[in-house]
Each structure stands twice: as C-alpha cells, then as structure tokens.
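Residues per chain are reported as follows:
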Amino acid sequence: MSVDARSGEQFPASIGTGWLVPLAILVIAGLAIVGWTLAPALAVGDAANDALFLADGARRMAAGQWPHIDFSLPTGALPYALYWAAQAWLPGVPAFMGMQILGFLVVAPFLILSTANMPSLWARLALTLMVAVTAILPFNVTASGLCTPDLFASYNRLGAAFSLAFLPWIFRTREGQGIAGPAAVIVAAVLVAISIKVVYAGVVLAPLGVLFLLDRRWRIIALAALVGVAAVLGAVELTTGLVRGYVHDILSMSAVNGPFAKYFLGSFVYKHFFTIGLSIALVAWLMWEANDRVSVGAGLLFRLQSVAVPLAMGAAVFAVAVSESQSTGGMAMTAALSLLFVPGLLTAKGQSQTRLILVAGVAVAIGGPLLVTAAQRSYCSLSARNGENIATDWSRSFLPYAVVPAEAARIAEANAQIWETADEASQQLLDELMEPVEPVRYLTEWKTAYDAVTALRERGLDSDLGKTTTISYVDLFGAALQTDMPKGVKVVPIIERTIAELSDAEASAYLADADTVFQPTCGVTKGRPGFRLDTWFLPTLEREFSATPLTNCWTMYRRKP
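Residues numbered from 1 in each chain as written. Predicted model: local features only at pLDDT ≥ 70, side-chain atom pairs only at ≥ 80, totals over all residues. Heavy atoms only, no water.

Enquirer: Can you walk me through the sheet that holds strand 11 (residues 554-559) in this structure?
Expert: Consider a sheet: its strands pair through backbone hydrogen bonds, and that pairing is either parallel or antiparallel. Here four strands make up an open sheet; going across it, the order is 7-9-11-10 and the pairing mixed. With partners counted over all chains shown, the strands left at the sheet margins are strand 7 (468-470) and strand 10 (545-549), one partner each. Across the sheet, the axes of successive neighbouring strands diverge by a mean angle of 25 degrees, strand direction being ignored. In this sheet, strand 11 lies alongside strand 10 in antiparallel orientation, the contact comprising five bridges. Bridging across to strand 11, Phe-545 finds its partner in Arg-559. Sheet strands touched by helix 19 (residues 441-458): strand 9 (516-520) and strand 11. Its angle to strand 11, the strand with the most contacts, is close to 55 degrees. (Pairing = 2+ DSSP bridges. Helix = DSSP H or I, 4+ residues; strand = E, 2+ residues; numbered from the N terminus. Axes fitted to C-alpha atoms, helices over the stretch in contact; angles between N-to-C directions. Contact = heavy atoms within 4.5 Å.)

In structure tokens:
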C-alpha cells in the first residue's frame, strides 16, 4: 500500500480489478447497440433539425466533400464523422444513436486512464456510469416540455462526456508516470476536444496552464504536448488544408456571435449560479486546507505550488462554464462532477465536516439532475407519454428512422395545410398562434417541404436538378431528394449564430456552385420577423435563376443557362 504525499490518498500496490472499467464500457456500448437494433425507431422531439444537419454533413463527407473546406460547420468535424461512421458500421441502429454510442467509445480511452489509479472500485464504476449516461442517453439536463429524446445539442453532450472523462486524469496524474505518456494523452485530448468544438480545448488547456505555471514536471509535459499537437496539425494541414479551413470557420463564427459571448456566459452563470457556487466553494476550501498544511515561514511560490491541484480544479470549473455557455441547451455543469474524483477527496483520513458537506452538495446539485433527468426522460419516452409514435412518409423522407408522436404529427399536418393556403395578411397572426407549439414548429416546415417535393415530382420537375441547396436552417430538399450538393455553403445557416448578413455579391458567391435552390415563401419557413435569411438571396435568385413556384411555402429556382 502506497500513500500520495499531497492528498493522503492510499493506493494499493497493484489494482487487480483494472479490467472492470474496459469491460463495463464494452458491455454498456454492446447493450446500447442491441437495444437500438431491436427497437430502431427514434421519436423526434425538440429541434430535430440538429439531427438533420448532422445527417447532411455526413452525407457530404460520404460524397467526398471535406468538412471546413468544401462546406462550413459551426462545430468540429467529429460529430459528423461519427454520424457517417454510424451509418456505415451500425446500419441497424438509428444513425443519431449510433453516433452517440461511437462518441462514448471515442472518449472511453480517457475514461480508462482516469480510473486506472483510483483505489475505489465504486469510484471507477461511478465515473463510468456518469460518462455513459452523458454520452449515450439522448437527453439534456436542461428542461424540456416533451417526453421525447432531445435531438439537439448532441455534440455538446459529447463534449461534456469528454470533459468528464478527461478531467479526473489530469487531477490524478502523479509523479513517477514519466513525460511521454502524459504528453501523449494531452495531445490526444486537445485533438479530440477541437474536433468536437473548439471551446472544449479550454477544458484541457485551462487546468494544464495552471499546472504549467506551478509544477516544473508539467512544464516539460506541456511543452512536449505542444510540439506533438503542432506536428499533428501541421501534417493534417499540409496534406488536406483542413486546419486552415477550420480556423476560417472559427473566425467566421466568432465574427457573427462573438459580441454575444459575454451575454451567453453571464446568462449561463445566472441560470446555474448555485452549482457553480458550490463547485467554487469546494475548490476554495481545498485551497484553504492545502495552504493550512504549509509551514508558517514558507514562501509565496511554495504556497502556490501546494495549491496547484485545487487551482487547476478552479480553472476547470471556469472552462466548463465557458464551454457550456456557448451551447443552446446541453449538460449544464455536468462535467464539474470530475471534481469529485480528485485524489484524497473522499478517501483521505481525518476529513473535515465542511469538506464532506461541500462534496455532498456538488454531488447532489450536479449529479442529481443528470441521473434523475436520465431516469425520468427514459421512462417518459418508453411510456410514450406524448401519444403513440407513428412513422409518417413526410418525416421519414428527412430522417429515415424517425417516428413522430401522433399528436405532434396531427398538429404539424394541420398547420402545414393552413400555411399552404393562408394569404400574406393571415401569416403574421399564424406566426403568433404557433408560439405555444414552438418545440415542434420544425415539423410543420418538414411537412411543407415534403408537400413541395411531392408537387415537384407530380409535375415531372425532379430530374436533372444538379447541385441543390435550401435557403433555410437545414437543407431539407437535399435530404428528401438525395441530390448532389454544392460546395461553399454552410450546413447550418442561422442568423446571429453562424451567418452574418450577406451583400448581393456575397450571396451570389455563396450560391455560385448551386444549380437549383429552394426558397421559402411562407412564414413558417421564412422565420420570425427580423430573422429573414431568405431576403438576402432574393436579388441573386431573381437575377441568376428562373423561378418555379411549387406551393405557397416553397419556390424552386433553376440556374439560367
């Protein structure tokens, strides 16, 4: 039995149950695959367009287009690559769920490393369960009024699972573990983080930066990792140009929503001030305890070095808050559960009552919503509280594995019929009346697009469309018609989030590779007043394309000879 000098945590000479976590990971992933193979229909809930644009990116990658080069993404390319891999490797599983299962396997190596030196079997299994719930179950901890899976923010769930799997490792890495191994882990972590979403790199770099300043061993590790990351990114850039394309997308996104970053962070802190406050209080208490153990005459540098791990924990809490604040919905402060796995936090002898209270507070305040939401929403979904789930032609033309709660399908079909027959004067009132059903508003848009595709085919206009795109949140017509895709477009054009207002010349350049463009002409697809993406493109469409109205809600534009 060995004892960590700083934390007081006891480590067995050898941990004979180290195989249990890899086995648990394989069992969990296997059960998820079997379960979704036996029941391969996924009920759509809030914002299923997020699943649709993942499918769009995967379809482009399968066709040979390069992410960030041939098409623009609001995140890293990994979620889209996982969606494509799920379609190829797990054909019997809904691709959205296959993507989440594969994402769990991607972060599994960090989970295995984090649990390797944990003396408690229960701690290892607890962390494994938390990461699995975060990565695999299609639910966010944010509130939802629907008893269905959350098909939005799946990449944020993957980012939270990665953060939760990685952070215990950096807190637990001890002296005597060499330089090359930890440096390689940092390299892999940075690459995985930025391939999910660039903000998750902060989860790796923030605590690493603190350790770099206060621990000479970590300086060598960090510098070696920096060389490794630079070498990998340099090789990728020289062979593909992918890095430059990703940087361009990041800068473009930052120019659009950078002014709102402080608001997003402030809003997130306001909503989660209690869990953030508990996390910071725990960090502060651990710093006080560590400093209290230092002799009275110790210098400032020595005192700072004694609190290096608590300071790294504080940096991690800040990084988690920043990364999650840039998400619309997600896992809140779930990744801060990593604080519970700091060496000696639960196992050191002679713990103070204050520390135990703070640990319990963090565990309940953050872990409670994760586990309770997972249990409640899972039961709620299985019991079909929103009514019978039905497979409709119009939903499966966009997501082949999608089923729709019967009541939501009825509302969408009725709304679509109204929008397709309403005059311009009635549409503003309709927009206001649809506010209560906003979570499934996109289903109405799907139905109107399906009706337009039906009209297109009935009129024999669906041949030789060339490269097509849709002026909307996601390329609905490309998904329904499975046409070729133009290069140079954004997979997710959202005003004030991913795309800024375009000049006439910029709109023309944006559509330069498109042969056919589908333009919305009714309110449900145009968006709310002040959010009219379609109007930016009208001059280009009218000048360079010929218009063919399909329905009251959609017009097809074919490029002029």
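Enquirer: What is the right way to look at the packing of helix 4 (residues 95-115) against helix 7 (residues 180-196) in this model?
Expert: Taken N-terminus to C-terminus, the directions of helix 4 and helix 7 make an angle of 145 degrees; their axes are 11 Å apart at the nearest point. Crossing angle aside, the handedness with which helix 4 passes helix 7 is left-handed. Of helix 7, the residues touching helix 4 (which contributes Val-106, Phe-110 and Leu-113) are Val-185, Ala-188, Ala-189 and Val-192. By residue class, the composition of the contact of helix 4 with helix 7 is seven nonpolar, no polar and no charged. (Left-handed = near helix turned anticlockwise from the far one by under 90°. Nonpolar A, V, L, I, M, F, W, Y, C, P; charged D, E, K, R; others polar.)

Enquirer: Just to check I follow, could you spell out unusual backbone geometry for this structure?
Expert: Peptide bonds are trans in most cases, and residues, glycine excluded, mostly fall at negative phi. Its identity is not glycine, yet Asp-464 carries a phi of approximately 55 degrees, on the positive side. With respect to the element layout, Asp-464 can be found in the loop between helix 19 and strand 7. Relative accessible area serves as the criterion here: at 67%, Asp-464 is assigned to the exposed category. One non-glycine residue, Gln-482, adopts positive backbone phi at about 55 degrees. Locating Gln-482 in the fold gives a position in the loop between helix 20 (476-481) and strand 8 (489-490). (Buried < 20%, exposed > 50% of the residue type's maximum accessible area, 1.4 Å probe, protein only.)

Enquirer: Just checking my understanding: could you explain the packing of helix 6 (residues 154-172) against helix 7 for this structure?
Expert: Each packed pair of helices is defined by two parameters, the angle between the axes and the distance between the axes. Contact pair helix 6 / helix 7: the axes reach a minimum separation of 10 Å and the direction vectors enclose 165 degrees. As far as their axial angle goes, helix 7 and helix 6 are roughly antiparallel. The element helix 6 and its partner helix 7 pack so that their crossing is left-handed. Residue-level contacts link Tyr-155, Leu-158, Gly-159, Phe-162, Phe-166, Trp-169 and Ile-170 of helix 6 to Pro-182, Val-185, Ile-186, Ala-189, Val-192, Ala-193 and Ile-196 of helix 7. Class assignment for the residues of the contact of helix 6 with helix 7 results in 13 nonpolar, one polar and no charged. (Parallel < 35°, antiparallel > 145°, perpendicular 65-115°, else oblique.)

Enquirer: Looking at this structure, how should I read the packing of aromatic side chains?
Expert: How two aromatic rings sit relative to each other is set out by the distance from centre to centre and by the angle between their planes. Scanning the model with the defined rule gives 16 aromatic pairs in all. When the ring of Phe-398 is compared with that of Trp-446, the centres are 5.4 Å apart and the planes differ by 45 degrees; the resulting orientation is tilted. Residue Phe-398 is located in the loop between helix 16 (393-396) and strand 6 (402-405), and its partner Trp-446 is located in helix 19; the two are separated by 48 residues in the primary sequence. An identical accessibility class is assigned to Phe-398 and Trp-446; each is buried. Geometrically, the ring pair formed by Phe-477 and Phe-518 is stacked, given 4.0 Å between the ring centres and 5 degrees between the ring planes. On the criterion of sequence distance, the pair formed by Phe-477 in helix 20 and Phe-518 in strand 9 is long-range, its members being 41 residues apart. In this structure an aromatic cluster arises from ring pairing among Phe-110, Phe-162, Phe-166, Trp-169 and Trp-218. (Phe/Tyr/Trp six-rings, centres within 6.5 Å; stacked < 30°, edge-to-face > 60°.)

Enquirer: Would you explain the side chain of Asp-70 in this entry?
Expert: One can find Asp-70 in the loop between helix 2 (49-62) and strand 4 (71-72). A distance of 2.7 Å separates the side chain of Asp-70 from the backbone nitrogen of Trp-66, its partner in a polar contact. When near neighbours in sequence (up to four residues on either side) are disregarded, Asp-70 contacts Gly-64, Gln-65, Lys-487, Gly-488 and Val-489. (Polar contact = N/O pair within 3.5 Å; in protein donor to acceptor, adjacent residues only side chain to side chain.)

Enquirer: Explanation requested: the sheet that holds strand 5 (residues 389-390) in the structure shown.
Expert: On the basis of which strands lie adjacent, the open sheet formed by three strands has the order 3-6-5 and mixed pairing. One side of each edge strand has no neighbouring strand; the edge strands of this open sheet are strand 3 (42-43) and strand 5. As paired strands, strand 5 and strand 6 are joined by two bridges and run antiparallel to one another. If you follow Asn-389 over to strand 6, its bridge partner there is Pro-405. Contacts from helix 17 (residues 406-421) reach strand 5 and strand 6, with the element oriented near 85 degrees to strand 6.

Enquirer: I would appreciate a short explanation of empty space enclosed by the protein in the present structure.
Expert: Going through the model one piece at a time under the given rule, you end up with four cavities of 30 Å³ or more. Within this model, the largest cavity holds a volume of roughly 100 Å³. The wall of the largest cavity is formed by 17 residues, among which Thr-469, Thr-470, Lys-490, Pro-493 and Tyr-510 lie closest to the centre. Elements represented by at least two residues in the lining of the largest cavity include exactly helix 2, strand 7 and strand 8. Here the second largest cavity is characterised by a volume of approximately 70 Å³. Contributing to the lining of the second largest cavity are Pro-79, Leu-82, Met-99, Gln-100, Gly-103, Ala-135, Ser-154, Tyr-155, Arg-157 and Leu-158. It is helix 6 that contributes the most residues to the lining of the second largest cavity, four residues altogether. (1 Å grid on protein atoms, 1.4 Å probe; cavity = no way out; pocket = protein on both sides within 12 Å on 5 of 7 lines; lining within 4 Å. Points joined across faces, edges and corners; volume = space filled by probe spheres on them.)

Enquirer: Whenever I open this one, the pattern of salt bridges confuses me. Can you help?
Expert: Oppositely charged side chains may form a pair once their charged atoms are brought near each other. Here the structure, examined in full by the defined rule, presents 12 salt bridges. With a closest N to O distance of 3.9 Å, Lys-487 and Asp-70 form a salt bridge. Here Asp-70 lies in the loop between helix 2 and strand 4 and Lys-487 lies in the loop between helix 20 and strand 8, a separation of 417 residues in the sequence. A salt bridge links Asp-504 to Arg-543; its shortest N-O distance comes to 3.1 Å. Highlighted residues: Asp-504 in helix 21 (residues 504-510) and Arg-543 in helix 23 (residues 538-544), separated in sequence by 39 residues. Since its relative accessible area comes to 42%, Arg-543 is described here as partly exposed. Salt bridges sharing partners connect three or more residues here, namely Asp-504, Arg-543, Glu-544 and Arg-559. (Salt bridge = Lys/Arg side-chain N within 4 Å of Asp/Glu carboxyl O.)

Enquirer: Could you clarify how one ought to interpret the side chain of Ser-72 in this entry?
Expert: Relative to the elements of secondary structure, Ser-72 occurs in strand 4. Within the structure, the side chain of Ser-72 is placed 2.9 Å from the side chain of Asp-249, a separation counted as a polar contact. Dropping the residues within four chain positions of it, Ser-72 is found in contact with Asp-249, Val-489, Lys-490 and Val-491.

Enquirer: I keep staring at the pairing of strand 9 and nothing clicks. Help me out?
Expert: When you tally the buried positions in strand 9, you get five out of five residues, the bulk of the element. The alternating pattern of strand 9 places Thr-516, Phe-518 and Pro-520 on one face and Val-517 and Gln-519 on the opposite face, and all of these are buried. With five bridges connecting them, strand 9 and strand 11 associate as antiparallel partners. Note that in strand 11 the partner of Gln-519 across the bridge is Thr-555.

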